[in-house]
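# Observations on the model geometry
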Amino acid sequence: MDLRLLPWTTPEGNPCYLSTDSDDSRLSRLADDIEAAQLDSGRLVLTGSRAVLADPEAGERAVRFALTRAPESLEETLRIAVSRGARIPCPIE
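Report follows, based on the coordinates. Just so you know, these numbers come straight off a predicted model, no measurement behind them. (Residues numbered from 1 in each chain as written. Predicted model: local features only at pLDDT ≥ 70, side-chain atom pairs only at ≥ 80, totals over all residues. Heavy atoms only, no water.)

Each helix and strand in the protein chain was counted, giving two helices and two strands. In the protein chain, the succession of helices and strands from N to C terminus is β-β-α-α. Its C-alpha radius of gyration of 17 Å places the protein chain more than 25% over the 12 Å reference for a compact globule of 93 residues. Here the C-alpha coordinates of the protein chain stretch approximately 55 × 35 × 20 Å along the principal axes. Across the 93 residues that make up the protein chain, the buried fraction comes to 22%. (Helix = DSSP H or I, 4+ residues; strand = E, 2+ residues; numbered from the N terminus. Rg over C-alpha atoms; globule rule 2.2 N^0.38 Å. Buried < 20%, exposed > 50% of the residue type's maximum accessible area, 1.4 Å probe, protein only.)

In structure tokens form, the structure reads like this:
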């Protein structure tokens, strides 16, 4: 049984892992839902950031907000990619 990296951290910023025999457990489904929400949020951040950067009239507050949200979304997306990548079965050689 492998550990699943969850899409959230402890209050101290440490990773959280799930050990379960079922991908359909309550906590697995919650993690799937949160991952989906994080990816949707990342898409919105990407769209908004591109709009701000394309607008020559964008003020400092808008640029700072976009720049603050972009790495947060990227961090969440990378955590999801690592978690999902670790769950891909490796072929036996």
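The subject of this paragraph is the side chain of S28. Inspection of the secondary structure puts S28 in helix α1 (residues 26–54). A distance of 2.9 Å separates a polar atom in the side chain of S28 from a polar atom in the side chain of S25. With near-sequence residues (within four places) excluded, S28 lies in contact with R4, L18, T20, S22 and D23. (Polar contact = N/O pair within 3.5 Å; in protein donor to acceptor, adjacent residues only side chain to side chain. Contact = heavy atoms within 4.5 Å.)

This paragraph deals with α1. In this model, α1 (29 residues) spans 42 Å end to end at C-alpha, consistent with the 42 Å of a helix rising 1.5 Å per residue. For α1, the complete set of buried residues consists of S28, A31, E35, Q38, G42, V45, S49 and V52. Taken together, the buried residues of α1 touch β1 (3–9), β2 (15–19) and α2 (60–86). (Expected span 1.5 Å × (residues − 1).)

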